[in-house]
2 protein chains.
Amino acid sequence: MSATVPDAVINRLPAYYRHLQALEEEGVENVSSQTLGERMHQTPSQIRQDINFIGGVGRQGYGYNVAMLRQHLMRILGLEGNHDMIVLGAGSIGTALARYPGFAADGFIIRALFDTDSEKTGGEICGIPVLNVAELDCYLAEHRVDIAVMAVPSEAAQGLLHRLEEGGVTAVWNFSPLDLQHSTSQMQVVNVHLGDSLKTLSYRMCHREEH
Amino acid sequence: MSATVPDAVINRLPAYYRHLQALEEEGVENVSSQTLGERMHQTPSQIRQDINFIGGVGRQGYGYNVAMLRQHLMRILGLEGNHDMIVLGAGSIGTALARYPGFAADGFIIRALFDTDSEKTGGEICGIPVLNVAELDCYLAEHRVDIAVMAVPSEAAQGLLHRLEEGGVTAVWNFSPLDLQHSTSQMQVVNVHLGDSLKTLSYRMCHREEH
């Protein structure tokens, strides 16, 4: 596989995985770039180019083997083992993520939530303990944490990022409105800005006649 | 303003708006493409190119006027008036969106949630009524709805999209794992696939030495 997969392709890989999962569940054995393109609203040449980037191969007249390509993507996306996660912030977003059943199916397991609110700490959400954020450093020293989810207000996010780095966490899924930036080359951050996404929709509503 | 702003630029506009809001709150009057680029982790030339696309102008040696550029972006993003929203699905994601205070500050007002669960319907979440989804068509006939949020399982999403279209809703913010596609040129859909975002992070964790 090429070491320099463009960001735009990386961002599309999970959608390929999702559509291949669905095709496999439907019992489809082979899929052409044409059919996959129609499902994913992409051109067949875009599909072939993307899959070529990750070293997937189709057979002329048969297309891609659905199960093999899905398994190949599973390895590339790092979905073969479990990922142990913690969620910082047991507010509306942190709670929703803890309650959402879809992540565990892909091996993303939330082990603990952290909050400062004494009405929440000591309790559980969907069986997941809510700990006091003061315990974070001790927790990180004693437990493996692959991914920390940042679901706290902006003011708290940067300070917590520093504590996560000190504690050896190397991946952050950030829901705070800050654009968190990794301060070491090892730290990976993916920002989810829900407000930005909603404003993009608002833009498209205002300018629909132009598109 | 150019009628053909590229998608990549459109997707960055809300981040410009967010950073300009923060600068304005900090009392900054003018900002250079250099400083804005450092904040947003973009090159100054990218910043200048993006702002040029939306018709913003800076002054040599002064940079951009923060308040004027923010107001210009507010108009372009369609954030001058309120947007009336409904949320389909009062599960973990729908509930979190209803509880999240950040949207109302930008004029995105959730007026009602809809669900099929009789334990939820008739109640309220943060003062927002939870209605039975059977009432959706009547509701749409009687109320203005600018944006519908799709927070239901995949099986239900496509059917509800059709009912929204029949009811005259022209914008959907989709959290279901389906890639919803607008069936008319008027319908605008922005998909938020949280599972995809998490898998992108997983990919980056697996391939960090390559970047």
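Visitor: Where do I start with the sheet that holds strand β9 (residues 188-191) of chain A in this structure?
Guide: Residue and element names in this part refer to chain A. On the basis of which strands lie adjacent, the open sheet formed by seven strands has the order β5-β6-β4-β3-β7-β8-β9 and mixed pairing. Strands at the two margins of the open sheet, each flanked by one partner only, are β5 (124-125) and β9. With four bridges joining them, strand β3 (residues 83-88) and strand β7 (residues 147-150) adopt parallel strand pairing. Note that in β7 the partner of Val87 across the bridge is Val149. Along the sheet, helix α5 (residues 92-99) makes contact with β3, β4 (108-115), β5, β6 (128-132), β7 and β8 (171-174), crossing β4 at roughly 150 degrees. Helix α8 (residues 154-166) rests against β3, β7 and β8 of the sheet, and its axis sits at about 170 degrees to β7.

Visitor: Help me out: how do you make sense of the pairing of strand β7 (residues 147-150) of chain B in this one?
Guide: On any regular strand, side chains alternate: one points to one face of the sheet, the next to the other face. All names here are of chain B. Neither face of β7 is exposed, since Ile147 and Val149 on one face and Ala148 and Met150 on the opposite face are all buried. Examined bridge by bridge, β7 and strand β8 (residues 171-174) share three bridges and lie parallel to one another. Along β8, the bridge assignment pairs Met150 with Asn174. Remark: the β7/helix α8 (residues 154-166)/β8 crossover connection has right-handed handedness.

Visitor: What is the right way to look at the sheet that holds β8(B) in this model?
Guide: Strands belonging to one sheet form pairs held by backbone hydrogen bonds; the direction of such a pair is parallel or antiparallel. Residues and elements named next belong to chain B. Spatially, β5-β6-β4-β3-β7-β8-β9 is the arrangement adopted by the seven strands of the open sheet, whose pairing is mixed. The strands lining the two open edges of the sheet, one partner per strand, are β5 (124-125) and β9 (188-191). Each of β3 (83-88), β4 (108-115), β5, β6 (128-132), β7 and β8 touches helix α5 (residues 92-99); the most contacted strand, β4, lies at about 150 degrees to it. In the packing of α8 onto the sheet, the strands contacted are β3, β7 and β8, and the crossing angle to β7 comes to about 170 degrees.

The rules behind each value
- Numbering of residues starts from 1 in every chain and runs along the sequence as written.
- Written order determines the labels here, with chains lettered from A and ligands numbered from 1.
- Selection of residues for local features in this predicted model requires a pLDDT of at least 70, selection of side-chain atom pairs for listing and counting requires 80 or more, and totals for whole chains, interfaces and linings are taken over all residues.
- With hydrogens and water excluded, all non-hydrogen atoms of the structure serve as input to the side-chain values.
- One bridge is not enough; two strands pair if DSSP finds at least two bridges between them.
- Only DSSP runs of H or I reaching four residues or more are called helices, and only runs of E reaching two or more are called strands; each is numbered from the N terminus.
- What makes two residues a contact is simply this: any of their non-hydrogen atoms within 4.5 Å.
- To define axes, lines are fitted to C-alpha atoms, for helices over the stretch in contact only, and angles between the resulting N-to-C directions are given on a 0 to 180 degree scale.
- Buried means the residue's accessible area, taken with a 1.4 Å probe over protein chains only, is under 20% of the maximum for its type, while exposed means over 50%, and partly exposed covers the values in between.
- Whether a crossover is right-handed comes down to one check: with the strands pointing away from the viewer, does the path from the first strand over the helix to the second run clockwise; if it does, it is right-handed.

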